[in-house]
Amino acid sequence: MTRNTVVSAVFKGDARYKPKTVTSTAYARVKVATAVSKHYKTAKIGSTSYSWFHKNTDPLLTTTMTYYPGRKQRFDLQVYYNGAWRSSGSEYFALGTNGKSAVALEAPGQSGIRARMRSVYIKGSSGDNVNSTTYGAWKYLYFSK
């Protein structure tokens, strides 16, 4: 199933029972995957795996999402600051007909920065309403030397 689907069961009634229609909606999620490139290694900070970048290297984040005409993916970015993840903004990017969207994230120019991003499909806001809102997995980035 690739789209939200409504199923109806209709009972026309008989001598004993009145007619009745019952509907149920099956919600289909979008497939969301994000690939990180231009990093020089992958290593853990605590128990979380990070893609490590030089402080002046712009990460390339490529999202693949189930295609639908006019669909956009929302790119969420957060930065770790003073012991907590803080939102650094969200922006919508169009998907190509192959279901891909590549975003180059500007490098911070300083080391010690931890960030994370995810791609999201938001029903209605992403250009259509044929699927349920779906959140991709967070991708963790660390900017060093």
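It should be emphasised that the depicted structure is a prediction, and the values quoted were computed from it without experimental measurement.

Enquirer: It is not clear to me how the sheet that holds strand β6 (residues 60–65) should be interpreted in this structure. Could you clarify?
Expert: Neighbouring strands of a sheet are bound in pairs by backbone hydrogen bonds; such pairs are parallel or else antiparallel. Taken in spatial order, the three strands line up as β3-β6-β9 in an open sheet, and their pairing is antiparallel. Among the strands making up the open sheet, the edge pair consists of β3 (32–37) and β9 (100–104). Each strand axis lies, on average, 20° off the axis of its neighbour in the sheet, ignoring direction. Bridge analysis of β3 against β6 gives six bridges, and the strand direction is antiparallel. Looking at the pairing, Val36 lines up with Leu61 of β6.

Enquirer: Which parts of the structure should I look at to understand the pattern of salt bridges?
Expert: Tallied over the full model, the rule gives three salt bridges. A salt bridge links Asp128 to Arg71, with the nearest nitrogen and oxygen atoms 2.9 Å apart. Here the residue Asp128 occupies a position in the loop between β10 (113–121) and β11 (134–135), and Arg71 occupies one in the loop between β6 and β7 (72–81), the gap between them amounting to 57 residues. Pair check on accessibility: Asp128 and Arg71 agree, each one buried. When the shortest N-O distance is used, the salt bridge between Asp76 and Arg118 registers 3.2 Å. Here Asp76 is found in strand β7, whereas its partner Arg118 is found in strand β10, with 42 residues between them in sequence.

Enquirer: I tried to follow the pairing of strand β8 (residues 84–94) on my own but got confused; where do I start?
Expert: The side chains of a regular strand alternate, first on one face of the sheet and then on the other. Bridge count for β7 against β8 is ten bridges, and the pairing is antiparallel. The residue bridging Gln78 from the neighbouring strand is Ser87, located in β8. Taking the residues that link successive antiparallel strands as the turn, the β7-β8 hairpin has two residues, and the phi of Asn82 there is positive, at about 50°.

Enquirer: What's the story with the environment of Tyr80 in this structure? I'm lost.
Expert: Structurally, Tyr80 can be placed in strand β7. Exposure remark for Tyr80: the relative accessible area of 30% places this residue in the partly exposed category. Expressed as a C-alpha distance, the spacing of Tyr80 and Lys123, which sit 43 residues apart in the sequence, is 28 Å. Residue contacts for Tyr80: discarding those within four places in its chain leaves Trp85 and Arg114. Of the polar contacts made by the side chain of Tyr80, one reaches the backbone oxygen of Gly83; its length is 3.3 Å.

Enquirer: Please explain the packing of aromatic side chains as it appears in this structure.
Expert: How two aromatic rings sit relative to each other is set out by the distance from centre to centre and by the angle between their planes. Here the structure, examined in full by the defined rule, presents six aromatic pairs. Aromatic side chains Trp85 and Tyr140 sit 5.7 Å apart centroid to centroid with 65° between the ring planes, which places their arrangement in the edge-to-face category. Remark: Tyr140 occurs in strand β12 (residues 139–144) and Trp85 occurs in strand β8; sequence separation between them is 55 residues. Clustering of aromatic rings is evident, with ring pairs tying together Tyr50, Tyr80, Trp85 and Tyr140. The ring of Tyr80 carries the charged tip of Arg114 above its face, separated from the ring centre by 4.1 Å.

Enquirer: Just to check I follow, could you spell out the nonpolar core for this structure?
Expert: Within soluble globular proteins, side chains that are nonpolar generally end up buried alongside one another. Residues Val36, Phe53, Leu61, Phe75, Leu77, Val103, Leu105, Ala107, Ala115, Met117, Leu141 and Phe143 constitute the largest nonpolar core, which totals twelve residues. Listed in part, the five residues of the second largest apolar core include Tyr50, Trp52, Tyr140 and Tyr142.

Enquirer: Whenever I open this one, the side chain of Thr134 confuses me. Can you help?
Expert: Tracing the chain through its elements places Thr134 in strand β11. One polar contact links the side chain of Thr134 to the main-chain amide nitrogen of Val30, over a distance of 3.1 Å. Leave out the neighbours within four places in its chain, and Thr134 touches Arg29, Val30, Val32, Ser119, Val120 and Tyr121.

The rules behind the values
- The written sequence of each chain sets the order in which its residues are numbered from 1.
- Reporting of local features is limited, given that this is a predicted model, to residues whose pLDDT is at least 70; pairs of side-chain atoms are given and counted only at 80 or more, and all residues count toward the totals for whole chains, interfaces and linings.
- The side-chain values count all of the structure's non-hydrogen atoms but skip hydrogen atoms and water molecules.
- Criterion used throughout: strands pair if DSSP finds at least two bridges between them.
- Only DSSP runs of H or I with at least four residues qualify as helices, and only runs of E with at least two residues qualify as strands; both kinds are numbered from the N terminus onward.
- Lines fitted to C-alpha atoms define the axes, with helix axes restricted to the stretch in contact, and inter-axis angles between N-to-C directions lie between 0 and 180 degrees.
- Salt bridges are counted wherever a side-chain nitrogen of Lys or Arg sits within 4 Å of a carboxyl oxygen of Asp or Glu.
- Think of it in three bands: with a 1.4 Å probe and only protein chains considered, a residue is buried below 20% of the maximum accessible area for its type, exposed above 50%, and partly exposed in between.
- Here a residue-residue contact requires only that any non-hydrogen atoms of the pair lie within 4.5 Å.
- Definition of a polar contact: a pair of N or O atoms within 3.5 Å, with one able to donate and the other able to accept a hydrogen when the atoms are protein atoms, and with sequence-neighbouring residues admitted only if both atoms are side-chain atoms.
- Only centres within 6.5 Å qualify two rings of Phe, Tyr or Trp (six-membered ring in Trp) as a pair; their planes then separate them into stacked at under 30 degrees, edge-to-face at over 60, and tilted for everything else.
- Should the NZ of a Lys or the CZ of an Arg lie within 6 Å of a ring centre and within 35 degrees of the ring normal, that charge is described as sitting over the ring.
- In plain words, nonpolar cores are sets of buried Ala, Val, Leu, Ile, Met, Phe, Trp, Tyr and Cys residues tied together by side-chain atoms within 4.5 Å.

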